[in-house]
Amino acid sequence: MSINFHALRSCVLWTFFCFISSLSSGLMAGTTGKISGKVVDAETGEALAGVNVIVSGTNLGAAADLEGNFNVLRVPPGIYTVRATMIGYKEIQYQNVVVAIDRTTRLNFNLPLQVLESSESVTIVAERPLVQMDLTSTSASIGADVIAKLPVDRFEDIVNLQAGVVEGHFRGGRRGEVAYIIDGVSVNDVFDGEFSFEMENNAIQELNVISGTFNAEYGQAMSGIVNIVTKEGGDEYEGALSSYLGDYLSFNDDVFYNVDKTNPIYNVQGNLSGPVPGLKERLTFFVSGRYFKEDGWIYGQNIFQPSDSSDFSGDDPNSWFLMSRGQGYNYSEFLIDSLKKNATAVAMNPQTRITGQAKLTYKLTTSDKLNYELLVQQRDYKLYTSTTDHFFKYNPDGNYKRQKSSYHHTLSWNHVFSDRTFSSFKLATFKSRFEQYVHEDFLDPAYVSLNRLRDASNNAFYTGGQQMWQYRRQTDTGIAKLEITSQVTNIHQIQGGVEARKHKLWLEEFEVIPDTPHNRKPPESSFNNNQFTVQPTELSAYIQDKMEFDYMIVNLGLRYDYFHPDYLVPEDLANPATSAKRDAKDSHQLSPRFGMAYPISDRGVVHVSYGHFFQTPTFDFLYRNPDFEVFPLQSTISLPPNSLLNTVGNAELKPQKTVIYEIGLQQQLSDDLGLDVTAYLKDIRNLLSTEVLKNSEQDRFARYINRDYGSVKGLTIALEKRMTAGFSATVDYTFQIARGNASDPNDAFLNQQSDPPVETTKQLVPLDWDRTHSLNSTVTMGTPDNYVVGLIGKLGSGLPYTPTKENIRESVKNGGNKPLYYNIDIYAKKNFRMRNINYSLFIRVFNLTDRKNEQNVYTDTGRAGYTLDIFNSGSPRGINTLDEFIIRPDFYSAPRRLETGLSISF
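Treat the numbers as computed from the prediction; the structure is a model and nothing was measured.

*Asks:* Lay out the overall build of the protein with the relevant residues and their values.
*Replies:* Check the secondary structure of the protein and you find eight helices and 50 strands. Dimensions of the protein, computed from C-alpha atoms along their principal axes, come out at roughly 105 × 80 × 55 Å. Across the protein, every contact between residues at least 6 apart in sequence was considered, and the portion connecting residues at least 24 apart equals 71%. Entry remark: accessible area of the protein is about 38100 Å², with carbon and sulfur atoms responsible for 56%. The average position of the 86 basic charges and that of the 105 acidic charges among the side chains of the protein differ by 1 Å.

*Asks:* Before we move on, can you summarise the packing of aromatic side chains with the specific residues and values?
*Replies:* Per the counting criterion, the structure on display carries 29 aromatic pairs. Relative to Trp 297, the ring of Tyr 248 has its centre 5.6 Å away and its plane inclined at 55 degrees; by these criteria the two rings are tilted. Of the two residues, Tyr 248 sits in strand β16 (residues 238-248) while Trp 297 sits in the loop between β18 (283-294) and β19 (299-301), which places them 49 residues apart along the sequence. Ring geometry for Phe 442 versus Phe 510: centroids 5.4 Å apart, planes at 85 degrees, classification edge-to-face. Of this pair, Phe 442 sits in the loop between β26 (421-437) and β27 (469-487) while Phe 510 sits in strand β28 (residues 492-511), and the two are 68 residues apart along the sequence. The pair Phe 442 / Phe 510 is uniform in exposure class, with both members buried.

*Asks:* A description of the environment of Leu 322 should follow, citing residues and the corresponding values.
*Replies:* Take Leu 322: it is sitting in strand β20 (residues 321-324). As for Leu 322 and Leu 868, which are separated by 546 residues in sequence, their C-alpha atoms are 29 Å apart.

*Asks:* Provide a residue-level description of a negative patch on the surface, including the pertinent values.
*Replies:* The grouping of Asp 235, Glu 236, Glu 238 and Glu 281 at the surface amounts to a negative patch. On the secondary structure map, Asp 235 appears in the loop between β15 (224-230) and β16. Asp 235 gets classed as partly exposed once you look at its relative accessible area, which sits at 42%.

*Asks:* Explain unusual backbone geometry to me, using residue names and the numbers behind them.
*Replies:* At the junction of Thr 516 and Pro 517, the peptide bond is cis and its omega measures out at 5 degrees in the coordinates. With respect to the helices and strands, Pro 517 occurs in the loop between β28 and β29 (529-534). The phi dihedral of Asn 96 is positive, around 65 degrees, even though this residue is not glycine. Relative to the helices and strands, Asn 96 is located in strand β6 (residues 92-99). Its relative accessible area of 36% is what places Asn 96 among the partly exposed residues. One non-glycine residue, Asn 814, lies in the positive phi region at around 55 degrees. In this structure Asn 814 comes out as buried when scored by relative accessible area, which is 6%.

Rules of the game
- Residues numbered from 1 in each chain as written.
- Predicted model: local features only at pLDDT ≥ 70, side-chain atom pairs only at ≥ 80, totals over all residues.
- Heavy atoms only, no water.
- Helix = DSSP H or I, 4+ residues; strand = E, 2+ residues; numbered from the N terminus.
- Contact = heavy atoms within 4.5 Å.
- Areas by Shrake-Rupley, 256 points an atom, 1.4 Å probe, with all protein chains shown as cover.
- Lys, Arg positive; Asp, Glu negative; His and termini not counted.
- Charge placed at Lys NZ, Arg CZ, Asp CG, Glu CD.
- Phe/Tyr/Trp six-rings, centres within 6.5 Å; stacked < 30°, edge-to-face > 60°.
- Buried < 20%, exposed > 50% of the residue type's maximum accessible area, 1.4 Å probe, protein only.
- Patch = residues over 30% accessible without salt bridge, like charges linked within 9 Å, V, L, I, M, F, W, Y side chains within 5 Å.
- Salt bridge = Lys/Arg side-chain N within 4 Å of Asp/Glu carboxyl O.

Okay, structure coming up:
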């Protein structure tokens, strides 16, 4: 019996959609929290029905039921005052009530009888709980008030502060395994898995980082969730303008050339919010923008330009001829010293970033609200992160320029059916475009022959030539999403949703062939000219139940994901380019999720969670080298800029899978001190790898398959001292063992290409980002209306590397460790107020001690500063020495950076 899976999939989704819709309920997932509790008579302890519980400054509230219970749903994250009122009783109000994304804040009201001659209310200042009783997995919520006190410039800095996160790797996972969400909509670029828009800190209302298991509402992620809710306009006008100047202040000019000179960093950002005139009670706005520019901390010298042609072929350096910026010279030591001394410093990792955001909120009725949000970002930059970049140190104009732009539109409609039920419908589109080239027009006559890259050799910096490829790609994604939440009973909160995502991916990359009378592209059938347009589809649906019993909280959910790749696969892998092609098969899977929190006292709770998490590989690996072409020579000096030569995609890659187990304890140790201990285990399967094949001409190539695997286990211990007497602090320690058979999907192919070939690892070895010991701490001192001092300290054991001797591996993969890592950042701000305007003078110092953390090392010494193997290869045929060549500023973390500025707000 044959099964029509397309019809079956449609039937399943339609049935699921109808079931959810029949609940008459709704909520936008992951953007709001809930306030729940009970109201009783202060003298008798009896439940009070009909008491009005109101969130001040909003139109949110609820009435207590016959048992005195109340639930206020869809509360945006933030800090509120909550009031309970009833005729005949004094009003009770809680101030400083913190509401977090997906969390329940519990408030209990004991209302005293109203004395006739007194109308005063009773005010209670709430304290943010150190123990979150409904937390069933590891999650951290960081509000705008906390972000403002930390020495951080980008939201990734906050993410990397969380226990178990190492430079974007969540609990041992590979990069690209994290879902980034802004206001309930995913902003991951499906091509490479990275976020397509970098939200600025001044627009963030709350940042929620989930590094453990996560609910069924979240999909297409295996390691974690970064969920950002942005600010909205209020009933009053508010605004802020901030600007700072900065520079890198370091004494390590032996590594960071030109860092001792002034190289300013510019930043201006601001935001404005409030009601739209004429529609004050119905339409509000929030707009923000930022301009940031820096030249970076890595510099080269413009000794050469791409058109220079030199000759270092003779055995006697005195016979060498070189051309510097169009002028010919005979080689001499005096000449070389003069050229280096007089050359201009050129930034090699500069960037300029412009960001804009606009958000309109329109309250149609008390039951309906519309939101429209526009996000725009443009980034122009260069990178210095590889050996190829290093070769351009004396010819910086020959290296790639990069440009990334993104445009996001989101329209959402929130509808309230009752005080227990509401829904959200979202339509969103975003475009992410990336370009990489030396000259924007491939016909530009400034392109010169590829041979100029061969003039200098043997560990010598390039004396001419430029990168030859042009690379452009664009991702257009359309999203439709319906989510529903209903507080069916005081115990059960049911939530469900369906989502459809349609993508259009376009790519063009080719090598420029300089020619007369004009440059040309290679033939479309060649390996160095690739292009494709595909339109894959993703569908998903989920349902989950949050059960809040008096003695236990349970999160139970189920998720369904479907993927249609919209591409072809070759039937004969011995002749992939010429073989007949067939449609790639669709994929789908179910993901169960479970979490439980069991309070052991009013100050302690144990949680246990388990879940299956699937993620379709980033689309680059599905569609790479779309014509399946193999370059017979196997190597070239002009390599594709963003892929490995002679690798081909596989549109039938299966979803990668992670199974996560977690158990933890939250315990309040004193009135101001809390402890969190969590142990976790991850079993990772179907990770990307390569199978090495040969075509009928015996040319070797690699095809991506699901074969790699890994295992991660760890323990985190966190202490938090909340703000009292002007002082707060956090300390967290992570012990983690992240093992796998490969860190890079290309490992198997790279091993076969090495000389001599290396046998692929068949055992679990440390992954490249396996930091066994990590310690993070934050300290905040001061009072918001006077001064604030914030400090971040990070300490970690060295990451793994593979020791070699004379370029031969001496141990198993990643058998050695790099040096210890530590870093300290500090922020100080002085506040004052004049004529109803708030002013703040601030200073931020990153890498306070100017520590040269060795992020990469030479594999024969295990250090970033020296190597012995390079001296066995002879002297460079160029103008640099070996001592100059082995100085790699990209092997180290950024030097000390100082920023000082002024902010104004009202």
